[in-house]
Amino acid sequence: WSQVVSEAEKIVGYPTSFMSLRCLLSDELSNIAMQVRKLVGTKHPLLDTARGFVYDSRNNLQMRGLVVLLISKAAGPSTTELSFQHNMVSGIYSSQRSLAEITELIHTAFLVHRGIVNIGELKSCDGPLKDMQFGNKMAVLSGDFLLANACTSLAQLQNTKVVELISSAIGDLVQGIYYENSKSSEENCLTDDIGISRWKEQVFLSQGALLAKSCQAAMELAKHSTEIQDMAFQYGKHMSMSHKLHSDLQPFVKGSSSDTMAFSLNSAPAVFHQEFLGREAWIKQIRELQEAIRAGKGVTSAIDLCCCHGNRALAALEHFPPSEARDALANIVYAVTRFP
């Protein structure tokens, strides 16, 4: 994955780790960073989020902006925009680079917003109550600040359809996160009783909609046809679904870094396993769940679904002319659909 990202960054002209540099160097965000230091010594999740911006071991923090830049370069200018090629750098319009930054800012804002803890569920070892309350305020305000910057930059693109697309993606994110956080009131309910179809709907909202609609918006900025816009959307959607499935599968596939890696009870293998096993038996098996999933059909089914979404993303790419950028987009799919 690291090699794929590194090669892709060379194609688009600069490391995407600099994507949000203008915002990150602002006085306002520097002040936020200073305030976050007050949380050192507590277990507030905002600290982990901040560490992730400095060092992300999975190398996927800037993936969304990178894909937007790659799909922009892969498509190139449309026939109606040939007279404006002087505005392009490394085959990408300045407006498309701005869109990539906006996509990253929105994603980062929601990551920060997710770092809000339920004060009522805190333990004494988590940290002083006043510090945890302060951390929640910081998560809300700093996330709002990043989102406001993204919306301001979005308006400066002066394209109504792009504004509508990205605004709807923000709405999808909110809806997806709401689904993730809404839990049954039953005390013994260990996981949501959802099938794989519902799981895919929720993952698209919370993981895929932003990338899919950003890819489509990048095509709109270059005045590409509706067909190309739809293919860009399809690539973004299915690539992000494969990426999420690949992440869900890591605790269960051979060659993982740790046999005790944490996993979500609402991850794809767990949802498939629950469907095959039945709800009551699923609850009984909860304490030995990881081994049970490894032995069941959930892992193989999730791998098949991951590869299916990957193949659909690759099929969408066939509508773009051959280029280094298209090859890089294909390599990103290959990186998340290959398993030991």
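For the structure, check the block above.
Residues numbered from 1 in each chain as written. Predicted model: local features only at pLDDT ≥ 70, side-chain atom pairs only at ≥ 80, totals over all residues. Heavy atoms only, no water.

**Student:** Quick one: what's the story with helix H10 (residues 226-249), residue by residue and with numbers?
**Tutor:** Over its 24 residues, H10 extends 35 Å from the first C-alpha to the last, a length consistent with the 34 Å expected when each residue adds 1.5 Å. In terms of burial, H10 is largely enclosed, as 19 of its 24 residues are buried. (Helix = DSSP H or I, 4+ residues; strand = E, 2+ residues; numbered from the N terminus. Expected span 1.5 Å × (residues − 1). Buried < 20%, exposed > 50% of the residue type's maximum accessible area, 1.4 Å probe, protein only.)

**Student:** Outline the nonpolar core, supporting the account with residue identities and numerical values.
**Tutor:** One finds Val67, Leu70, Ile71, Ile106, Tyr235, Met239 and Phe320 to be the most contacted residues of the largest nonpolar core, which totals 59 residues. Take this core: its biggest share by element is nine residues, from helix H5 (residues 63-75). Apart from residues lying up to four places away in sequence, Val67 is in contact with Leu211, Cys215, Tyr235, Met239, Leu329 and Ile332. Of all hydrophobic cores here, the second largest spans 24 residues; its members include Trp199, Phe204, Leu245 and Ala268. (Core = buried A, V, L, I, M, F, W, Y, C linked by side-chain atoms within 4.5 Å. Contact = heavy atoms within 4.5 Å.)

**Student:** I'd like to hear about unusual backbone geometry, residue by residue, with values.
**Tutor:** The phi angle at Gln158 is positive, at roughly 55°, despite the residue not being glycine. In this fold, Gln158 is placed in the loop between helix H7 (129-156) and helix H8 (160-181). Classification of Gln158 as exposed rests on a relative accessible area of 74%. Even without being a glycine, Lys223 presents a positive backbone phi close to 60°. Looking at the element boundaries, Lys223 is found in the loop between helix H9 (196-221) and H10.

**Student:** Now, about the environment of Pro322: what can you tell me, with residues and values included?
**Tutor:** Considering the arrangement of structural elements, one finds Pro322 in the loop between helix H14 (298-317) and helix H15 (324-337). What makes Pro322 exposed here is its relative accessible area of 69%. With 247 residues separating them along the chain, Pro322 and Ala75 place their C-alpha atoms 9.4 Å apart.

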